[in-house]
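Chain by chain, the residues run as shown.
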There are 2 protein chains.
Amino acid sequence: MADRFLALDWGTTNMRAYVADRSGQVLERRDFPLGVAGFAPGEAAQRFATEVRPAMQAEALPALLCGMIGSTLGWQAVPYADCPATFPGLAGALHRVEAEGPPVWIVPGLRTQRPDGGPDVMRGEETQIFGWAMADAARQRGTHLVCHPGTHAKWARVVDNGIDQFVTAMTGELFALLRTHSALKVAGAVPSDAAFEQGLVAAGDGGALASRLFTARSRVVGGAMDPRDAESYLSGLLIGAEVAATPGLLGISKGADIAVIGDPTLCEYYRRAMAWHGYRASLFDGEAAVLAGLAAFYRECHPC
Amino acid sequence: MADRFLALDWGTTNMRAYVADRSGQVLERRDFPLGVAGFAPGEAAQRFATEVRPAMQAEALPALLCGMIGSTLGWQAVPYADCPATFPGLAGALHRVEAEGPPVWIVPGLRTQRPDGGPDVMRGEETQIFGWAMADAARQRGTHLVCHPGTHAKWARVVDNGIDQFVTAMTGELFALLRTHSALKVAGAVPSDAAFEQGLVAAGDGGALASRLFTARSRVVGGAMDPRDAESYLSGLLIGAEVAATPGLLGISKGADIAVIGDPTLCEYYRRAMAWHGYRASLFDGEAAVLAGLAAFYRECHPC
C-alpha cells in the first residue's frame, strides 16, 4: 500500500498538484495552468498522463482529484452525490476513472435541494469542507455554518459530520462582471476600507440588490463619491448583501459562528462583513483544507 | 415663433430624431446610430450641426434634446435638477447650449436622494414621465408610481405633477451581462412563458438575489431545467426580484397601480411580473411619451 499519493485540486481556470503522505504532509507542490475550461474532449486524461504525472514524478502513485475535473468540462462527468452527504458516504462514492497505471479517483460533487426551491450544486468545496471538519472532532458533531467565498460562494450547513444543505451565491462573478463590463466600471480604483464599509451599510438587509448596485454609479455621477472608491464600495455592497441574506436561507439565525474557508485575503473581507452583521467568523485557509480533505479521503480508501 | 421644432431623444447607444409640431404631431422621424458612448469631446455638437440638422431638413428649427446627451459623455454636462422636481420647474431649467443658428436646449436630468441612502440619477426618463403625465389631467394630481424598464430601470413616485423621488434598478444590464459573459450563459435559448414564470416564483421576495441567480445554472446542471429555458427563467427571476423589492423602497404598498412606460415588449414582461405580485399595471409606449414630453417642454418655452 503506497504511503504517498498524488492530490489534485483541479478547477475551472487552474490546477494545483501535491505529492502528499497519508497524513496530508506536502512533499511536493506545483501549480499548472490547466483549468478544465479550455479542454477538448479527452484532453484532461491525456495531459494528466503526459504532463502532470511526469512533472510531479508521480508515475507510480495513486491519485485523488477534486473540483470541476469531475464535470462535463473535465475528465468525465462524475454523478453528483445527493445531500445530506456524510464524509464516509462520500468516501465510499469516490469515482475511479479509466487510466493507465496506478488508480485515479475523482471526488463526486454534491447536489442539494435549496430551501427556496430547485437544486444547487458544488464540485470541490465539499472536499475543503470535509477537510476542515476532519481537523477537529468538535466540528464533526452538532450544527455548523461554513462559508466558502469565491466566484460562486458556497454556504453549507454541516450537521453531525454531514453536509446537510447548501446554497451558492454568485457574488464573486457579479463583482468581476460589474467592475469589468458594466456601467459601474471605473478606472483608477484605490482600495478603501471606508468605502467598503459604506458598501456594507448600503447593502442593508440584502434586498433590492439590482437597485442598490446602481448606487455605485449614482453616488459617483451624483457627486457623493470619489470614483476611485467605487470598486471597494461595490465589493462591500455585494459581500454585505450576501452575508445579510444567505444564512437566513439556510435557517441559521443571527449571531451564529461561521467558519470561513478559502483565500485568506477574500475571507478577511467576509469576516468584516460578518462582524458588521453580528456573526462571529473564524477563518481557515482553503489550500490547507483541500489537502486535509483529499488526505482524509485517501486514508479512507487506503486503510493502514 | 416657429410652429415646428426638432426633437431629439439622444441616448447612450442610439439617437432618435423627430420634426414635430407644437402639439407633438410627428412630421418626420429618423434613427441615427449616434449614441453618446462613442463620442470624442466636441463631437456631439459638430455632428448635430453637420449631420443631424441637414438630414432632418431642420436647419431653421429650434431643437430640444433629452437623454445622455446632457451628460459628460454628450454635448456637455448639464447640471441635474434636484427632486422633488415639478414640470414647470424643469421647463424653466432647460439648458441652452452654445450652437450656431436656431436655439438648442437640453432637458436637465434629475437627481434624488434615495430612501435607502445616497443619490440616484436619471437623464431622459424625466421627459417620458412628464410626457405621460401631460396626456391626462388625472395623472397631474395625487400620487402615482411609474416604472420605466430598461438597461437601468427607473421607478418614480409622481406626486402632484412633480417627480418626488425615484430609484434605479440595473436589471436590464444585469440580464445582458449574465446571459453574455457569465457562467449562466447557455446557447440555443428558446423563449418560454413557463420558464419566465418559474423565474418569477424563484425570485421570491426579491432577497438573496446573488444566490437565487445561481439557480439559473444549478437547475440546468442539476438536471431540473432544459438549458434552452434558462434565459427566460433568468429574465423572470431578475424582473420578478425587481418588482418584488422596488415599490417598497419608495413606500408604495402592494396592489397599487403602476404606469409602465417604455418598449412595449419589455413592458409586457413587467406587466406579467407585476400581476404575479398583485400590482395592476397599465402600459404606455415610451416613444409616444418622450415626444409628448418634448412637445410639452417646447410649448412651455414657446407660448402661443
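Since the structure is predicted, the reported quantities are computational estimates derived from the model, not experimental observations.

A.B. asks: Can you help me understand the packing of helix 3 (residues 125–134) of chain B against helix 9 (residues 286–301) of chain B in this one?
C.D. replies: Each packed pair of helices is defined by two parameters, the angle between the axes and the distance between the axes. All names here are of chain B. Contact geometry of helix 3 with helix 9 gives a least axis separation of 7 Å together with a crossing angle of 85°. Judged by the angle between their axes, helix 3 and helix 9 are roughly perpendicular. Of the residues in helix 9, those in contact with Thr 127, Gln 128, Phe 130, Gly 131, Trp 132 and Met 134 of helix 3 are Gly 286, Ala 289, Val 290, Ala 292, Gly 293, Leu 294, Ala 296 and Phe 297. The class makeup of the residues in the contact of helix 3 with helix 9 is nine nonpolar, five polar and no charged.

A.B. asks: I tried to follow helix 8 (residues 264–276) of chain B on my own but got confused; where do I start?
C.D. replies: Because the α-helix completes a turn every 3.6 residues, residues three or four places apart line up on one side. Residues and elements named next belong to chain B. The end-to-end C-alpha distance of helix 8, which contains 13 residues, comes to 18 Å, matching closely the 18 Å that a straight helix rising 1.5 Å per residue would cover. Among the residues of helix 8, those classed as buried are Cys 267, Tyr 270, Arg 272, Ala 273 and Met 274. Looking one or two residues beyond helix 8, the residue adopting positive phi is Gly 278, at roughly 85°.

A.B. asks: Just checking my understanding: could you explain the domain arrangement of chain A for this structure?
C.D. replies: How big an interface is tends to be reported as the loss of accessible area on association of its parts. All names here are of chain A. Under the domain assignment used here, chain A contains domain 1 (4–138 + 288–301) and domain 2 (169–285). Facing the eight residues of domain 1 at the interface are six residues of domain 2. Joining domain 1 to domain 2, the criterion identifies zero salt bridges. Counting across the domain 1 and domain 2 interface gives two residue pairs in polar contact (both at pLDDT 80 or more). The element that contributes the greatest number of residues to the side of domain 1 that touches domain 2 is helix 3 (residues 125–134), accounting for three residues. By residue class, the composition of the side of domain 1 that touches domain 2 is five nonpolar, one polar and two charged.

A.B. asks: What exactly am I supposed to notice about the pairing of strand 11 (residues 143–148) of chain B here?
C.D. replies: Two faces belong to every sheet, and in a regular strand the side chains alternate between them. Residues and elements named next belong to chain B. The pairing of strand 11 with strand 12 (residues 153–159) spans six bridges and is antiparallel. Paired with Leu 145 across the bridge in strand 12 is Arg 157. Counted along the chain from strand 11 to the antiparallel partner strand 12, the turn is four residues long, and its residue Gly 150 has a positive phi close to 160°. When strand 11 meets strand 14 (residues 257–262), the two strands line up parallel, connected through three bridges. Note that in strand 14 the partner of Val 146 across the bridge is Ala 259.

A.B. asks: Teacher, can you tell me more about empty space enclosed by the protein here?
C.D. replies: With a probe scaled to a water molecule rolled over the atoms, the places where space remains empty come into view. Counted according to the given criterion, the structure contains four cavities of 30 Å³ or more. Computed from the structure, the largest cavity encloses a volume of approximately 70 Å³. Lining the largest cavity are 13 residues, and of these Ala 208, Leu 209 and Ala 210 of chain A together with Ala 241 and Glu 242 of chain B sit closest to its centre. If one sorts the elements of the lining of the largest cavity by residue count, helix 7 (residues 230–249) of chain B sits on top with five residues. Its residues assigned to classes, the lining of the largest cavity comprises eight nonpolar, four polar and one charged. Top element by residues in the lining of the second largest cavity is helix 8 (residues 230–249) of chain A. It accounts for three residues. Considered class by class, the residues forming the lining of the second largest cavity number five nonpolar, no polar and three charged.

A.B. asks: How should I be thinking about the interface of chain A and chain B in this particular structure?
C.D. replies: Chain A puts 43 residues into the contact, and the matching count from chain B is 43 residues. Buried surface at the junction of chain A and chain B, both sides included, amounts to about 3,300 Å², of which 68% is carbon and sulfur. Here chain A and chain B share two salt bridges between them. Across the pair Asp 116 of chain B and Arg 212 of chain A runs a salt bridge, and its minimum N-O distance is 3.3 Å. Taken together, the links from chain A to chain B amount to 14 residue pairs in polar contact (both at pLDDT 80 or more). Sorting the residues of the side of chain A that touches chain B by element identifies strand 10 (119–122), strand 13 (162–169), helix 4 (171–181), helix 6 (209–213), helix 7 (215–221) and helix 8 of chain A as the ones contributing at least two each.

A.B. asks: What's the story with the packing of helix 6 (residues 209–221) of chain B against helix 7 of chain B in this structure? I'm lost.
C.D. replies: All names here are of chain B. Where helix 6 meets helix 7, the axes come as close as 10 Å, and the angle between the chain directions of the two elements is 165°. Taken as axis vectors, helix 6 and helix 7 run roughly antiparallel relative to one another. Crossing geometry of helix 6 relative to helix 7 is assigned as right-handed. The residues of helix 7 that touch helix 6, namely those facing Leu 209, Arg 212, Leu 213, Thr 215, Ala 216, Arg 219 and Val 220, are Ala 230, Tyr 233, Leu 234, Leu 237, Leu 238 and Ala 241. Along the lines of polarity and charge, the residues of the contact of helix 6 with helix 7 split into ten nonpolar, one polar and two charged.

A.B. asks: Would you take a moment to explain the environment of Ala 85 of chain A for this structure?
C.D. replies: Residue and element names in this part refer to chain A. Inspection of the secondary structure assignment puts Ala 85 in strand 6 (residues 85–86). In the structure, Ala 85 is positioned 27 residues away from Thr 112 in sequence and 9.2 Å away in space, judged by C-alpha atoms. Non-local contacts of Ala 85, meaning those with residues more than four positions away in its chain, are made with Leu 110, Phe 130, Gly 162 and Ile 163.

A.B. asks: Explain the relation of the copies chain A and chain B to me, please; I cannot follow it from the model alone.
C.D. replies: There are two copies of the chain, and a rotation about an axis plus a shift along that axis relates them. Take chain A, turn it by 180°, move it 0.0 Å along the axis, and it overlays chain B with an RMSD of 0.0 Å. Taken together, these values place the two copies in the relation of a two-fold axis. Distance from the rotation axis, computed per C-alpha, reaches its smallest value in chain A at Gly 207 of chain A: 2.2 Å. A shared binding surface is used by both copies, with 100% of the interface residues of chain A retained as interface residues in chain B.

A.B. asks: I'm lost on the pairing of strand 15 (residues 280–285) of chain B in this one. Help?
C.D. replies: Alignment of strand 14 of chain B against strand 15 of chain B, held across six bridges, turns out to be parallel. Bridge assignment links Asp 257 of chain B to a residue of strand 15 of chain B, and that residue is Arg 280 of chain B.

A.B. asks: Which parts of the structure should I look at to understand the side chain of Arg 114 of chain B?
C.D. replies: Locating Arg 114 of chain B in the fold gives a position in the loop between strand 9 (110–113) and strand 10 (119–122). Judged by relative accessible area, Arg 114 of chain B falls into the buried class, the value being 4%. A distance of 2.8 Å separates polar atoms of two side chains, one belonging to Arg 114 of chain B and the other to Asp 116 of chain B. What Arg 114 of chain B contacts, discounting residues up to four positions off in sequence, is Ser 211, Arg 212 and Thr 215 of chain A together with Pro 119, Asp 120, Gln 165, Phe 166, Val 167, Thr 168 and Leu 249 of chain B.

A.B. asks: What should I look at first to understand the pattern of salt bridges in this one?
C.D. replies: Close approach of charged atoms allows side chains with opposite charge to pair. If you walk through the whole model with that rule in mind, you get 32 salt bridges over all chains. With a closest N to O distance of 2.9 Å, Arg 47 of chain A and Glu 51 of chain A form a salt bridge. Placement of the pair is Arg 47 of chain A and Glu 51 of chain A together in helix 1 (residues 43–55), with a separation of four residues, close to one helical turn. By relative accessible area, which is 23% here, Arg 47 of chain A ends up partly exposed. Residue classification places Glu 51 of chain A among the partly exposed positions, given a relative accessible area of 32%. Linking Arg 271 of chain B and Glu 268 of chain B is a salt bridge whose minimum nitrogen-to-oxygen distance equals 2.7 Å. In this pair, Arg 271 of chain B and Glu 268 of chain B both sit in helix 8, three residues apart, roughly one turn of the helix. Under the relative-accessibility criterion, Arg 271 of chain B is labelled partly exposed at 30%.

Scoring rules and cut-offs
Residues numbered from 1 in each chain as written. Chains lettered and ligands numbered in written order. Predicted model: local features only at pLDDT ≥ 70, side-chain atom pairs only at ≥ 80, totals over all residues. Heavy atoms only, no water. Axes fitted to C-alpha atoms, helices over the stretch in contact; angles between N-to-C directions. Helix = DSSP H or I, 4+ residues; strand = E, 2+ residues; numbered from the N terminus. Parallel < 35°, antiparallel > 145°, perpendicular 65-115°, else oblique. Contact = heavy atoms within 4.5 Å. Nonpolar A, V, L, I, M, F, W, Y, C, P; charged D, E, K, R; others polar. Expected span 1.5 Å × (residues − 1). Buried < 20%, exposed > 50% of the residue type's maximum accessible area, 1.4 Å probe, protein only. Domains from an automatic or database assignment. Salt bridge = Lys/Arg side-chain N within 4 Å of Asp/Glu carboxyl O. Polar contact = N/O pair within 3.5 Å; in protein donor to acceptor, adjacent residues only side chain to side chain. Pairing = 2+ DSSP bridges. 1 Å grid on protein atoms, 1.4 Å probe; cavity = no way out; pocket = protein on both sides within 12 Å on 5 of 7 lines; lining within 4 Å. Points joined across faces, edges and corners; volume = space filled by probe spheres on them. Buried area = accessible area lost by both parts, 1.4 Å probe. Left-handed = near helix turned anticlockwise from the far one by under 90°. Least-squares fit on C-alpha atoms with pLDDT ≥ 70 in both.

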